[in-house]
Amino acid sequence: MTRISVNTHSHYQIHIFDELPSTNEEAKNGEYINDDVIVAHIQSTGKGRSNNTWESEEGNLFFSIKYASKTSFEQLSSLVFAVALAVHDALNELQLNSQIKWPNDLLVNEKKIAGILIESIEQDQTRYAVIGIGINTTHHPKDIEQHTTSLKREDIEIDNDALLKQLLNALNRRIAEWEAPNGFDSIREDYLKHAYKLNEKIRARTKHAELNGIYKTIDGNGNLVLIDEHGIEQVIASADIF
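A short tour of the structure in this document, coming up. Just so it is clear, the structure is predicted and the values come from calculations on it, not from any experiment. (Residues numbered from 1 in each chain as written. Predicted model: local features only at pLDDT ≥ 70, side-chain atom pairs only at ≥ 80, totals over all residues. Heavy atoms only, no water.)

A word on the nonpolar core
Judged by nonpolar contacts, the single largest core of 58 residues is most densely connected at F63, L79 and W102. For this core, the leading source of residues is helix α3 (residues 79-93), giving 11 residues. Those residues in contact with F63, other than ones at most four positions away along the chain, are T23, V37, I38, V39, I131, G132, I133, L164, L167, L168 and L171. Within the second largest apolar cluster, 9 residues are counted, among which are F17, Y32, I121 and Y128. (Core = buried A, V, L, I, M, F, W, Y, C linked by side-chain atoms within 4.5 Å. Buried < 20%, exposed > 50% of the residue type's maximum accessible area, 1.4 Å probe, protein only. Helix = DSSP H or I, 4+ residues; strand = E, 2+ residues; numbered from the N terminus. Contact = heavy atoms within 4.5 Å.)

Right under this line is the structure:
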């Protein structure tokens, strides 16, 4: 693990490493402060939601932000929707029409191009969200259940430094919107405009069951609302959807 450089962009301090086990783990366990950004050229043990493995080939963009929040841990659960919108905004600047697969995957042409993992910690009586983002810029996993793509495969050429700055700018805007009074209401409204399979039939696989029905909306807590085959409204806090 070698720290290559420390740069700045806006109010962010960017720490760049050649290789880390995980940028999220480094952000949680290292001596970092609010708005520090940790970037790794390679992650050896990257992970996604539900501890799924996130393939981290060199050439893709992997980074985490340590974000100090005045909200409760419960309110922090809705931050992922603001972050997903920020990634969507940055991809949109590259002329890519992305969709957001609930809650935290970004798709292009129904193929995953980016993922988000947010973890909450408390240090020195301050609540932090560690926001981990992975973007397939040059490579994409092939031997997994979900179809994937990359910026390169979509004929988009941009270096990771420039992409990181676009993402940080977008995150700055969307997190400020989320932090405002009733901010999640506007985030939720925009999120639904880009939600993958909204008002379509989906299959939701939870830890305990598999539900089929129509993806109707997300509620004020970020739960997915599904109308099942019997017309009954099901509120789902965590699931993989297909």
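Some points on the side chain of T71
Mapped onto the fold, T71 is located in the loop between β4 (61-69) and α2 (73-76). Reaching out from T71, the side chain makes a polar contact with the side chain of S69 at a distance of 2.6 Å. Excluding residues that lie within four positions of it along the chain, T71 makes contacts with L76, R127 and W178. (Polar contact = N/O pair within 3.5 Å; in protein donor to acceptor, adjacent residues only side chain to side chain.)

Points about the sheet that holds strand β3 (residues 36-43)
Taken together, the 8 strands give an open sheet; going across it, the order is β1-β2-β3-β4-β8-β7-β6-β5, and neighbouring strands pair in mixed fashion. Looking at which strands have only one partner, the edges of the open sheet turn out to be β1 (3-9) and β5 (98-101). Adjacent strand axes in the sheet meet at a mean angle of 20 degrees, parallel and antiparallel pairs treated alike. Summarising the sheet, strand β2 (residues 12-20) and β3 pair through 7 bridges and their orientation is parallel. Looking at the pairing, H15 lines up with I38 of β3. (Pairing = 2+ DSSP bridges. Axes fitted to C-alpha atoms, helices over the stretch in contact; angles between N-to-C directions.)

As for the packing of aromatic side chains
Under the definition given, this model contains 3 aromatic pairs. A centroid spacing of 4.9 Å and a plane angle of 75 degrees characterise the contact between F81 and Y191, whose relative ring orientation is edge-to-face. Linking F81 in helix α3 with Y191 in helix α5 (residues 183-193), this pair joins segments that are 110 residues apart in sequence. Since its relative accessible area comes to 0%, Y191 is described here as buried. The rings of F81, F184 and Y191 are connected pair by pair, giving a single aromatic cluster. Above the plane of the ring of Y128 lies K66, whose end atom (NZ or CZ) is 4.5 Å from the centre. Over the ring of F242 we find K101, and its NZ or CZ is 5.2 Å from the ring centre. (Phe/Tyr/Trp six-rings, centres within 6.5 Å; stacked < 30°, edge-to-face > 60°. Lys NZ or Arg CZ within 6 Å of the ring centre and 35° of its normal.)

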